[in-house]
Structure formats: C-alpha cells, structure tokens
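Results of the structural survey
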2 protein chains.
Amino acid sequence: MGSPEAERRKQILKAAVEVFAERGFHRTRVSDIAKRAGVAYGLIYHYFESKDAVLSSVFDENWAVFLKVLKEIRDASDKRTGEKLAAIAELLIDALRVTPALIQVIIQEISRSDRFIEAPKIEAFQEAFRVVKEIIAEGQRQGEVEADSDPWVMAYLFFGAVEAVCTGFLLEAIPCRTEEDAARLKRTVTRTVLSGMLTAAGQEKLKPGHVG
Amino acid sequence: MGSPEAERRKQILKAAVEVFAERGFHRTRVSDIAKRAGVAYGLIYHYFESKDAVLSSVFDENWAVFLKVLKEIRDASDKRTGEKLAAIAELLIDALRVTPALIQVIIQEISRSDRFIEAPKIEAFQEAFRVVKEIIAEGQRQGEVEADSDPWVMAYLFFGAVEAVCTGFLLEAIPCRTEEDAARLKRTVTRTVLSGMLTAAGQEKLKPGHVG
DNA sequence: CCCATGATTGACTGACGAGTCAGTCGACGC
DNA sequence: GCGTCGACTGACTCGTCAGTCAATCATGGG
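Here the residue numbering is sequential within each chain, running from 1 through the sequence in written order. The naming scheme follows written order: chains are lettered A onward, ligands numbered 1 onward. The predicted origin of the model limits local features to residues at a pLDDT of at least 70 and limits the giving and counting of side-chain atom pairs to 80 or more, whereas totals for whole chains, interfaces and linings rest on all residues. To obtain the side-chain values, all non-hydrogen atoms of the structure were included, while hydrogens and water were left out.

1. Overview of the relation of the copies chain A and chain B
What connects the two chain copies is a rotation about an axis and a shift along it. Between the two copies, chain A and chain B, the superposition gives an RMSD of 0.1 Å; the rotation angle is 180° and the shift along the axis is 0.0 Å. When the rotation and shift are considered jointly, the pair of chain copies conforms to a two-fold rotation axis. Every residue of chain A has its C-alpha some distance from the rotation axis, and the shortest such distance is that of Gly196 of chain A, at 1.9 Å. By the convention used here, residues are in contact when the closest approach between their heavy atoms is within 4.5 Å. Same-surface contact between copies: 100% of interface residues of chain A are shared with the interface of chain B. When the copies are overlaid, the least-squares fit takes in C-alpha atoms only where the residue has pLDDT of at least 70 in both copies.

The following block contains the structure:
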C-alpha cells in the first residue's frame, strides 16, 4: 500500500482527475480538488507546488506507464507489425473503458489545450509517436507495411484515429460500456486503420478479427 | 468591402485568431486582442458581448462555411464515395496550409478544451460528423465501403486521422509548407485512410493517386 | 510526560483580468 | 454653426481564485 504519505498523494491525484474530467482544468478550483479528496485546501500545497503541478503529475505519472507498455509492445519479438498496432489500439480502448476520466483529462486538458504548446509535454507526446513510428518503419522494412508512405504521417494517422474514437466515446456518440461494445470497437478500428496501412503480406497470419 | 462596422468586426476577429493561436484562449487577455487589432480595449465590447463571444464567433462563422462545403461534397452526384472523402481530406489539408492559425484555434480551443462540453458547439461538431457518416453509409449501400463496420465509428476514425495530421503539422512534426508537401500529405492520408474503408469495388475508377 | 517534527487546517491576501462607464471625438443633418 | 448620435477610448471596479502562513493536531522518540 505504500507509505501513508504516498497514499495521501494518490488520494489527491485521484480526486483531481475526477474533478478535472467533470469541469475541466480551468474551471476547477483548488478548493474543488480539496473538497473531493476530503482534505483541507492547504494540504494540496503540501504535496504539490501548484495547481498546474497537480495536472502535470497526473500526466507524467500515467504517461510514463503508457510509454513503458508501448515500448514493450514495440520490442515484442513474437508479434508481427499488425499485431503490435492492434495491441496498441486495444490497450487504449481498454484504458478508455477502465479509466475514462483519466483518458478524458489526458486528451482534453493536455494533448489539447494551450498547455500543449508548453515544453516537456510535447516531448513526452512525441516520444509515443516515435515509438509507433518505429514499429511502422520496422514493418516497412519487413514488407508488412506500405513502403511509400511516410511512417511519421502514418503514426499520426493511427494515433489520431484511435484518439477520435476515444473522443466519440467521451461525447457519448460511440458506445463502449460493455465488453461486447469494446470488442466490436476494437475490431472496427483495427480492421479499418490497419488494412489501410498493411500490405497483403502484412495481413497474412493475423489473428482472425484483426483485419479483414 | 462591406460597411466600415463590419470591417472593424473582422479586424478584431482576425486579431483574436492570431493571439488565440499564439498564446491560447485562456492566456490571452482581452487587452491583447485590442492591442493586436490596434483598437481600444472597450471597443471589443462594442462588437462582442464577452471574451467568450469572440471565440464563439470565430468558430460559428467559420464552421458554418465548412459545413456548407461539406454538404455540397456529400450531395455531389458526380463523385463516388472515395472521391468525396478524399475531397474532404484535401479541403482540410488546404485549409491548414492557408489559415493555420484558424485551424489551430478551432482544434485546440474548441474541439478540445473544456469548452467543448458546452452546449451548441457539440451539436455543430456532430453535424459535421453526421455528414461524413451519411457519405459513408451511402457508400456502404453502394457497396463501395466495408458494410460490416459502424459508419459512425468510421466517420470518427476518418476525422480523427485527418485532425491528427493537422496537429502534427501545428507541432511542426509534419511539414506542409509547400504545394508538394501538401500534395504528398494528401496522397498519404487518402491512400491510408480510404483503402482501409473502401471495398475493392469502391477503389475502382478513383483518380490515380487517391488510393493505391 | 514532554518536546520535536511534520502533517494538516482554513482564513486571509494579493494579483490578475473581465467587464463597465463616463467621457471624447468626428460625421452628418439641419 | 450647433446638436445629436454612435463609434471609440482607457482608467477604474470588482469578483475570483491561486497561493500563503500562522496556528493546531498527531506521532513517536527520549
């Protein structure tokens, strides 16, 4: 369970994610976070430098985990390119169903928003894109991905498509409550996005359902 | 050129788009807009109800134009599904090159951001998605688009992919300064995204370069 | 039992910036 | 010339938080 200090910290971050998702970062007051977490106003400043730092921590700590998994997928030698990309899409769709508020905060308050333009967050985002680009570029070398498209652009297309689905879900335009919803969504996303990127060779031997 | 009043209004909106793109909506003060437009602070309030109303006008007026073109594309009886979707992608990529600041503001400050969750903007966005969905659904009826994927989800995938490319450009990760850049980008986007959605039949007779 | 250390509290302050408004200026009709 | 009307000005007001800090409480060690 970690030290009681670490628990308090988590408790505050959890509350912050909730209220950020509900009202947006700018409209939530620090007092809202404190109220939701059941702690005094001032305590927030015992654990965090500023309101911005709270949002930053939400992002940094979760994005690091995401990046780690992303790199594991990239380096999995037993997976083909299509499977790797499908795994990423599935990872994100699962995350969406399990922790929608967190995904919403990351999408709405960080990837988007003026804050975006700020320094180290861009770098963190780019790193994820870079990993996807590397998977795609490797796939091109293996003849599994269309060779004459820019892997950077494809990486953006891939991420963007998945992100849009997340947004659609958050807007309640795309249902994804149940396992079945999620499975169907994964199938549509992987089939549509991947079959546009993979060559015929790249589509062989994929698990049924991934493409086709 | 319109009445001098209308010109003043445009002048303020133009300045607003510029500073919103540079600093983000929340970080720009009304005085920044006034300074950039070369008018007095108070004049902003002669033409607009509030700072929010300025952003709202930026969106409303430009989105209406976009929607109009979108519907024309949908209703063009001389175009096949693939061509229609390609036309939309090309429209957006051109807009990106011609008015990057405007696109940035629409993406960052409206489609994203907490503001999003607010009332009539969602509806406006959904309307665009709906038009794309209608194009796709019609394509499915014609046998030009994969029949067993949800047209809504595909519409989101399509838009999201294009939007991500715009974001990549704004981040300077994807170059799109010259005509050649734009042409290459259009080709990659249409080829990748469309070939994932279209059936073999739907890919026949497309202009070379669109898919393939 | 007492003190020290650090978590915890919440009333308070100070800055910032949206929106107001009393007044100026220039054009135009009479 | 003179008055009116509306564009235009920018100093000021006023609410809203982010962030501070002095005081309190819980603990564990001596």
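What follows picks up the thread again.
2. Concerning unusual backbone geometry
Residue and element names in this part refer to chain A. Phi angles above zero are rare outside glycine, and Glu172 is one such case at about 65°. The way it works is that DSSP assigns letters per residue, a run of H or I at least four long becomes a helix, a run of E at least two long becomes a strand, and they are numbered from the N terminus. Take Glu172: it is sitting in the loop between helix H8 (151-170) and helix H9 (179-197). Overall, Glu172 belongs to the exposed group, its relative accessible area being 66%. Relative accessible area decides the class of each residue, using a 1.4 Å probe on protein chains only: under 20% of the type maximum gives buried, over 50% gives exposed, and in between gives partly exposed.

3. What about the packing of H8 of chain A against helix H9 (residues 179-197) of chain B?
Axis definition: a line fit to C-alpha positions, over the contact stretch in the case of helices; interaxial angles, taken between N-to-C directions, run 0 to 180 degrees. Following both chains from N to C, one finds H8 of chain A and H9 of chain B inclined at 50°, their axes separated by 10 Å at the closest point. One way to sum up the angle between H8 of chain A and H9 of chain B is to call them oblique. With respect to the hand of their crossing, H8 of chain A and H9 of chain B are arranged in right-handed fashion. Residues Val153, Met154 and Leu157 of chain A of H8 of chain A form the contact with H9 of chain B, whose own contacting residues are Leu185, Thr188, Val189, Thr192 and Val193 of chain B. When grouped by side-chain class, the residues that make up the contact of H8 of chain A with H9 of chain B number six nonpolar, two polar and no charged. Throughout this description, any angle smaller than 35 degrees is read as roughly parallel, any larger than 145 degrees as roughly antiparallel, any in the 65 to 115 degree range as roughly perpendicular, and the remainder as oblique. Take the far helix as your reference; a near helix turned counterclockwise from it by less than a right angle gives a left-handed crossing, and one turned clockwise gives a right-handed crossing. Under this grouping Gly is polar, as are all residues other than the nonpolar Ala, Val, Leu, Ile, Met, Phe, Trp, Tyr, Cys and Pro and the charged Asp, Glu, Lys and Arg.

4. Regarding the domain arrangement of chain A
Residues and elements named next belong to chain A. Throughout the structure description, domain borders are defined by an automatic or database domain assignment. By domain assignment, chain A separates into domain 1 (1-48) and domain 2 (55-203). With centres defined by C-alpha atoms, the gap from domain 1 to domain 2 works out at 28 Å. Residue-level contacts link nine residues of domain 1 with eleven residues of domain 2. Where domain 1 abuts domain 2, roughly 900 Å² becomes buried across the two surfaces, and 66% of that area is made up of carbon and sulfur atoms. Computed with a 1.4 Å rolling probe, the buried area is the accessible surface lost when two parts are put together, summed over both parts.

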